[in-house]
Amino acid sequence: MKNILFMILFLTAGFYAEAQDRDGHREKIKALKTAYITEGLNLTAQEAQKFWPLYNEYVDKRRDLYRQERAEVENIECITEDRANAKLDEYVSLEREDYLLKKKYYNDLKQIFSARRIMQLKKVEDEFNHKMMLEYRQRKDSNNK
């Protein structure tokens, strides 16, 4: 019953979110993801109190790394070899930072959850992301018709 209600909420909120601006849309998705993970892990109040600050900090830092990596490169045709090498070094550095961030995150999670529970978290996150992509594609297809 909870899953059915959640899916109805998910779809309704999704349609409503389309009418909102980008930031509002992101906040709606974040709220849906929070609910989905909380339900998927069946978090207790004490677990949630420890988990969510850690999770939110991790997501924010990963988003910052992603933005840095995807930062627009000036005209490739005009870039010098030295500048290109520096940019490649920057990409490798960002990948290293991402790895170290993940490693710290999983070690910090072990203070809250068992390894099995952390694997369950990964599965729940992947399921949520998959559902979001499916919904996005469906909306995109329906808008193109």
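Just above, that's the structure.
Residues numbered from 1 in each chain as written. Predicted model: local features only at pLDDT ≥ 70, side-chain atom pairs only at ≥ 80, totals over all residues. Heavy atoms only, no water.

(A) Molecular detail of the pattern of salt bridges. Throughout the structure, instances matching the rule amount to 10 salt bridges. Salt-bridge contacts for R117 lead to E47; the nearest nitrogen and oxygen are separated by 2.7 Å. Of this pair, R117 sits in helix α5 (residues 115–144) while E47 is found in helix α3 (residues 45–69), placing the two residues 70 residues apart along the sequence. Taking relative accessible area as the criterion, E47 reaches 17% and is therefore assigned buried. The partner of E135 in a salt bridge is R139, and the shortest N-O contact between them spans 2.4 Å. Linking E135 with R139, this pair stays in helix α5, spanning four residues, or about one helical turn. (Salt bridge = Lys/Arg side-chain N within 4 Å of Asp/Glu carboxyl O. Helix = DSSP H or I, 4+ residues; strand = E, 2+ residues; numbered from the N terminus. Buried < 20%, exposed > 50% of the residue type's maximum accessible area, 1.4 Å probe, protein only.)

(B) Broad picture of unusual backbone geometry. The phi torsion at N42 lies on the positive side, around 50°, for a residue other than glycine. Mapping N42 onto the fold places it in the loop between α2 (22–41) and α3. Using a relative accessible area of 59% as the deciding quantity, one classes N42 as exposed.

(C) Region of interest: the packing of aromatic side chains. Counted by the stated rule, this structure contains seven aromatic pairs. Ring geometry for F51 and Y55: centres 5.3 Å apart, planes at 35°, overall tilted. In this pair, F51 and Y55 are both assigned in helix α3, four residues apart and thus about one turn of the helix distant. According to the relative accessible area criterion, F51 is buried, its value standing at 0%. You can call Y55 buried: its relative accessible area is 4%. (Phe/Tyr/Trp six-rings, centres within 6.5 Å; stacked < 30°, edge-to-face > 60°.)

(D) Quick peek at α3. The end-to-end C-alpha distance of α3, which contains 25 residues, comes to 36 Å, matching closely the 36 Å that a straight helix rising 1.5 Å per residue would cover. Of all the bends in α3, the greatest reaches close to 30° and is centred on F51; the proline P53 follows between one and four positions later. Along α3, the residues that are buried comprise E47, A48, F51, W52, L54, Y55, Y58 and L65. Those residues of α3 that are buried are in contact with α2, α4 (81–109) and α5. (Expected span 1.5 Å × (residues − 1). Bend = angle between axes of the 7 residues up to and from the residue. Contact = heavy atoms within 4.5 Å.)

(E) Region of interest: the nonpolar core. By size, the foremost hydrophobic cluster in this structure holds 22 residues, and its most contacted members are I37, F51, Y105 and L109. If you tally residues by element for this core, the top one is α3, at seven residues. Non-local contacts of L109, meaning those with residues more than four positions away in its chain, are made with F51, L54, I118 and L121. (Core = buried A, V, L, I, M, F, W, Y, C linked by side-chain atoms within 4.5 Å.)

(F) Region of the structure containing the environment of Y58. Along the polypeptide, Y58 turns up in helix α3. On the basis of relative accessible area, Y58 is assigned to the buried category, the value being 8%. Each C-alpha atom, one on Y58 and one on K104, is 9.3 Å from the other, the two residues being 46 residues apart in sequence. With sequence-adjacent residues up to four places away left out, Y58 is seen in contact with L101, K102 and Y105.

(G) Focus on the side chain of R117. Overall, R117 belongs to the buried group, its relative accessible area being 17%. Beyond its immediate chain neighbours, meaning those up to four positions away, R117 contacts L41, N42, L43 and E47.

Treat this as a map of the structure, not an account of what it does.
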